[in-house]
Amino acid sequence: DGPAPAAVPGRAQVFATVVDTFLEKLVAAGSYQRFVNCYRCFYKLQPQLTRSIYDQFISQLQASIKEEVQEVKNEGNLEGLFSSLDKIVEEAKDREEPAWRPSGIPEEDIRSTMVPYLLKHRSHLCRVLREKEEENRKVAESVLMGRNRIAELQQLIQARQQAWQAISKEQQELIMTFQEPQ
């Protein structure tokens, strides 16, 4: 089949390489000779101590920069972002249609992105409205049924009350017929 294509380094690896290259160039720019030129008097008195100070300075500077870069990577979740960006780029390779690019006319660009969103939102709101209208219709029916039931119960109560009053009146009349006239 032939040799496998070389793996393209991920963005995290590229970033690490850039940081390492920066540190190498920083150390090269801050060479021992430049350090000695800045501290010439001290170098003349104690060259070995000057070299030791320079080595400590450079190693602490590198460690401090690496630590700061690591903090930035951790706080910004750069590893995760780099990996998701790599995935997006990999997925985009299989696409046949070109990626969206701005037209240069902001109104058209906004319209082209907002109209589909707004139509989708409108459709959602219409669906919710229909659901609420149906819910309200059912509640209204329930209220009407409740009112009708209340009216029926009031009529029943009134009929029973009239019947009770009629019975009570008949009972009093009956009692009056058994009582002796005075």
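The rules behind these values
Residues numbered from 1 in each chain as written. Predicted model: local features only at pLDDT ≥ 70, side-chain atom pairs only at ≥ 80, totals over all residues. Heavy atoms only, no water. Helix = DSSP H or I, 4+ residues; strand = E, 2+ residues; numbered from the N terminus. Buried < 20%, exposed > 50% of the residue type's maximum accessible area, 1.4 Å probe, protein only. Contact = heavy atoms within 4.5 Å. Phe/Tyr/Trp six-rings, centres within 6.5 Å; stacked < 30°, edge-to-face > 60°. Lys NZ or Arg CZ within 6 Å of the ring centre and 35° of its normal. Axes fitted to C-alpha atoms, helices over the stretch in contact; angles between N-to-C directions. Parallel < 35°, antiparallel > 145°, perpendicular 65-115°, else oblique. Left-handed = near helix turned anticlockwise from the far one by under 90°. Nonpolar A, V, L, I, M, F, W, Y, C, P; charged D, E, K, R; others polar. Disulfide = S-S within 2.5 Å. Core = buried A, V, L, I, M, F, W, Y, C linked by side-chain atoms within 4.5 Å.

J.: So what exactly am I meant to see when it comes to the overall build of the chain here?
T.: Within the chain one finds six helices and zero strands. Helices and strands in the chain line up, N terminus first, as α-α-α-α-α-α. Over its C-alpha atoms, taken along the principal directions, the chain stretches across nearly 150 × 55 × 45 Å. Residue burial in the chain is summarised as follows: out of 182 residues, 8% are buried. Partitioning the intrachain contacts of the chain with sequence separation of at least 6 by distance along the chain shows that 55% fall at a separation of at least 24.

J.: What exactly am I supposed to notice about unusual backbone geometry here?
T.: Glycine aside, a negative phi is what most residues show, and trans is what most peptide bonds show. Unlike most non-glycine residues, N77 shows phi in positive territory, near 50 degrees. Relative to the helices and strands, N77 is located in the loop between α4 (47-75) and α5 (78-93).

J.: Explain the environment of E24 here, please?
T.: Examined against the element boundaries, E24 turns out to sit in helix α1 (residues 11-29). Taking C-alpha positions, E24 is 9.2 Å from Q62, a pair spaced 38 residues apart along the chain.

J.: Explain the packing of aromatic side chains to me, please; I cannot follow it from the model alone.
T.: Think of a pair of aromatic rings as described by two things: how far the centres are apart, and how the planes are tilted against each other in angle. For the structure shown, the criterion picks out six aromatic pairs. On the numbers, 5.3 Å between centres and 65 degrees between planes, the contact of Y32 with Y54 is edge-to-face. Here Y54 lies in helix α4 and Y32 lies in helix α2 (residues 32-38), a separation of 22 residues in the sequence. Here F35 and Y39 contribute two aromatic rings whose centre-to-centre distance is 5.0 Å and whose plane-to-plane angle is 50 degrees, an arrangement assigned as tilted. Among the aromatic residues, ring-to-ring pairing joins Y32, F35, Y39, Y43, Y54 and F57 into one connected group. The ring of Y32 carries the charged tip of R51 above its face, separated from the ring centre by 4.2 Å.

J.: What is the right way to read the packing of α1 against α4 from this model?
T.: The axes of two packed helices give the description: the angle between them and the distance between them. One way to put it is that α1 packs onto α4 with a least axis distance of 11 Å and a crossing angle of 155 degrees. Considering their axes alone, α1 and α4 lie roughly antiparallel with respect to each other. In this structure, the crossing between α1 and α4 has a hand that is right-handed. For the pair α1 and α4, the contacting residues are F15, V19, D20, F22, L23, L26 and V27 in the first and Y54, I58, L61, Q62, I65, K66, V69 and K73 in the second. Counted by class, the contact of α1 with α4 contains 11 nonpolar, one polar and three charged residues.

J.: Quick question: what am I supposed to make of the state of the cysteines here?
T.: Every disulfide links exactly two cysteines, by a covalent bond between their sulfur atoms. Counting across every chain of the model gives zero disulfides. C38 provides the cysteine sulfur closest to C41, a residue in no disulfide bond, and the two sulfurs are 12 Å apart. Take C41: its relative accessible area is 63%, and that puts it in the exposed class.

J.: What is the right way to look at the nonpolar core in this model?
T.: In summary, soluble globular proteins display a tendency toward joint burial of nonpolar side chains. Ranked by size, the top nonpolar core spans five residues in total: Y32, F35, V36, Y54 and I58. Counting residues per element, the ones that place at least two in this core are α2 and α4. Ranked by residue count, the leading element in this core is α2, at three residues. Beyond its immediate stretch of four places on either side in the chain, F35 contacts T50, I53 and Y54.

Purely spatial values, then, with no claim about function.
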